[in-house]
Amino acid sequence: MTVMSIKKMGDPLLARQAKRVDLHSEQLIADVSNMIDTMRYYQGVGLAAPQIGLSKRIIIVEVDHNIRYPRASRIELNVLINPQIINFSAQKQSDWEGCLSLPELRGKVTRSCHITYRAKTLDGATIVNSVNGFYARIIQHEIDHLDGVLYPQRMDDCSAFGYEDSLPAY
Ligand code: NI
């Protein structure tokens, strides 16, 4: 198991546009495996490659009895390479988000309720998938990481931003 250290907000790599991934790269399996170990170790529900210092368009998502998100429904492990959102619903919803790159903080972010995304899987297949709710929120959050965007940049009300152990509403 390889747990990588997580880059925190302020690190220039997190503000950069990540590079498209060559699916034939020999490093790909190792990178993804390190991402999975790191996400699980830190109890993330998603992780983007720039968070472990890789400027690559890879995200992973998984929810399985997560202590940081105890109310979230289970989502099986997804590895998405060069993912792209091809449709955002006009209907939006505001909800709390956290991020391993901003430890102990939570903020309320407005995002589309439903999205459709396209991505490559590890075996090179193209998938198109429509998701909603928390699942759609995680995908939007993680793809933002690939474009150098952290969730505070998406917030329209900074009064709904603070530490997990201090926010009364969270
Ligand atoms: Ni994040």
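The rules behind the values
- Residues numbered from 1 in each chain as written.
- Predicted model: local features only at pLDDT ≥ 70, side-chain atom pairs only at ≥ 80, totals over all residues.
- Heavy atoms only, no water.
- 1 Å grid on protein atoms, 1.4 Å probe; cavity = no way out; pocket = protein on both sides within 12 Å on 5 of 7 lines; lining within 4 Å.
- Points joined across faces, edges and corners; volume = space filled by probe spheres on them.
- Helix = DSSP H or I, 4+ residues; strand = E, 2+ residues; numbered from the N terminus.
- Nonpolar A, V, L, I, M, F, W, Y, C, P; charged D, E, K, R; others polar.
- Buried < 20%, exposed > 50% of the residue type's maximum accessible area, 1.4 Å probe, protein only.
- Contact = heavy atoms within 4.5 Å.
- Salt bridge = Lys/Arg side-chain N within 4 Å of Asp/Glu carboxyl O.
- Pairing = 2+ DSSP bridges.
- Axes fitted to C-alpha atoms, helices over the stretch in contact; angles between N-to-C directions.

The next subject is the layout of surface pockets. Taking a probe equal in size to a water molecule and rolling it over the atoms shows the remaining empty space. By volume, the largest pocket amounts to about 280 Å³. Lining the largest pocket, in full, are Ile67, Arg68, Tyr69, Pro70, Arg71, Ala72, Asp95, Trp96, Arg106, Phe134 and Tyr170. The space that makes up the second largest pocket amounts to roughly 170 Å³. In terms of lining residues, the second largest pocket is bounded by Ile85, Phe88, Lys92, Thr110, Arg111, Ser112, Gln140, Ile143, Asp144, Asp147 and Arg154. Within the residue set of the lining of the second largest pocket, elements represented by two or more residues are strand 3 (75-88), strand 5 (105-112) and helix 2 (133-146). Of the residues contributing to the lining of the second largest pocket, the split by class is three nonpolar, three polar and five charged.

Relative to the helices and strands, aspartate 31 is located in helix 1 (residues 28-41). Aspartate 31 gets classed as buried once you look at its relative accessible area, which sits at 4%. For aspartate 31, the residues in contact, after removing those within four places along its chain, are Ile52, Leu54, Lys56 and Ile58.

All right, on to the pattern of salt bridges then. Applying the stated criterion across every chain, the model contains 10 salt bridges. One salt bridge connects glutamate 97 with arginine 137, and the closest N-O pair in it is separated by 2.8 Å. One end of the pair, glutamate 97, is in strand 4 (residues 92-97); the other, arginine 137, is in helix 2, and 40 residues separate them in sequence. Overall, arginine 137 belongs to the buried group, its relative accessible area being 5%. Through salt bridges with shared partners, a single network forms among Glu97, Arg111, Arg137, Asp144 and Arg154.

Attention now moves to the sheet that holds strand 6 (residues 114-120). In space, the five strands of this open sheet follow the order 1-2-3-6-7, with antiparallel pairing throughout. On the outer flanks of this sheet lie strand 1 (46-48) and strand 7 (126-132), each paired with one strand and no other. The mean inter-strand angle of the sheet, taken between neighbouring strand axes irrespective of direction, is 40°. For strand 1 and strand 2 (residues 58-63), the ladder comprises three bridges, and the chain directions are antiparallel. When the bridges of strand 2 are listed, alanine 48 appears paired with isoleucine 59. Contacts from helix 1 reach strand 1, strand 2 and strand 3, with the element oriented near 40° to strand 2.

Time to look at empty space enclosed by the protein. Applying the stated rule across the entire model yields one cavity of 30 Å³ or more. The space that makes up the largest cavity amounts to roughly 150 Å³. Those elements that place two or more of their residues in the lining of the largest cavity are strand 4 and helix 2. The greatest single-element share of the lining of the largest cavity, amounting to six residues, is contributed by helix 2. Counted by class, the lining of the largest cavity contains seven nonpolar, six polar and four charged residues.

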